[in-house]
Amino acid sequence: MKCKSAARNSTSPTLPLALLVLGLCACTQRGASPTAAAASAGPPAVAYEAHVAAGGNVPPGGTLHNPHDGDAAVAKNGALLYTTMNCDGCHGPDAAGAVGPNLGDRRWRYGGADAEVFMSIYYGRPKGMPAFGGSLGAEGVWTLVTYLRSLAPPPNLPTQSWEKP
């Protein structure tokens, strides 16, 4: 009897250790390799001059390249995707602007390079632009970028651009 009560009252150092190991094993992903995690991660961020860098040290931005740059067939599919995803609900038909800004005038608040347009669509922007990267994936977003970049700027812009031609 004395042994049983002593065993119940004493704390074994192996019990907390075993519970800790069990807890750690339960939290880790099974079958996930570092390469699988990297493959499922989002695209790298691009360097953008408006980002604020702590201490003036700007982290390097990733390099994104439009795999469909100038492809008319992809741009045509992008026009269909633009309508299907209801982009015209905010940006108007042919991306001419409505509640959302005109996307054909080449005046982009967050940058107009292909990579910057990709980031705006993929991750969204404040004040109304939802992130479509989770629904469309990188391929769908590049299709939209190709379509938007294929649009000719309107001949009569209401104001002049501050950039040099």
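Up top is the structure.
How each quantity is defined
Residues numbered from 1 in each chain as written. Predicted model: local features only at pLDDT ≥ 70, side-chain atom pairs only at ≥ 80, totals over all residues. Heavy atoms only, no water. Helix = DSSP H or I, 4+ residues; strand = E, 2+ residues; numbered from the N terminus. Buried < 20%, exposed > 50% of the residue type's maximum accessible area, 1.4 Å probe, protein only. Contact = heavy atoms within 4.5 Å. Areas by Shrake-Rupley, 256 points an atom, 1.4 Å probe, with all protein chains shown as cover. Phe/Tyr/Trp six-rings, centres within 6.5 Å; stacked < 30°, edge-to-face > 60°.

**What to know about the overall build of the chain**
Phase 1 of the analysis: The helix and strand tally for the chain stands at seven helices and zero strands.
Phase 2 of the analysis: Mapped in sequence order, the helices and strands of the chain form the string α-α-α-α-α-α-α.
Phase 3 of the analysis: Buried positions account for 27% of the 165 residues belonging to the chain.
Phase 4 of the analysis: Once local pairs closer than 6 in sequence are excluded, the contacts in the chain between residues at least 24 apart make up 59%.
Phase 5 of the analysis: Accessible surface for the chain amounts to roughly 11800 Å². Of this, 62% is attributable to carbon and sulfur atoms.

**Overview of the packing of aromatic side chains**
Phase 1 of the analysis: Counted according to the given criterion, the structure contains four aromatic pairs.
Phase 2 of the analysis: Relative to Tyr147, the ring of Tyr82 has its centre 5.4 Å away and its plane inclined at 50°; by these criteria the two rings are tilted. Of this pair, Tyr82 sits in helix H4 (residues 72-84) while Tyr147 sits in helix H7 (residues 133-150), and the two are 65 residues apart along the sequence. In terms of burial, Tyr82 and Tyr147 fall into one category: buried.

Read these as geometric descriptors, not functional statements.
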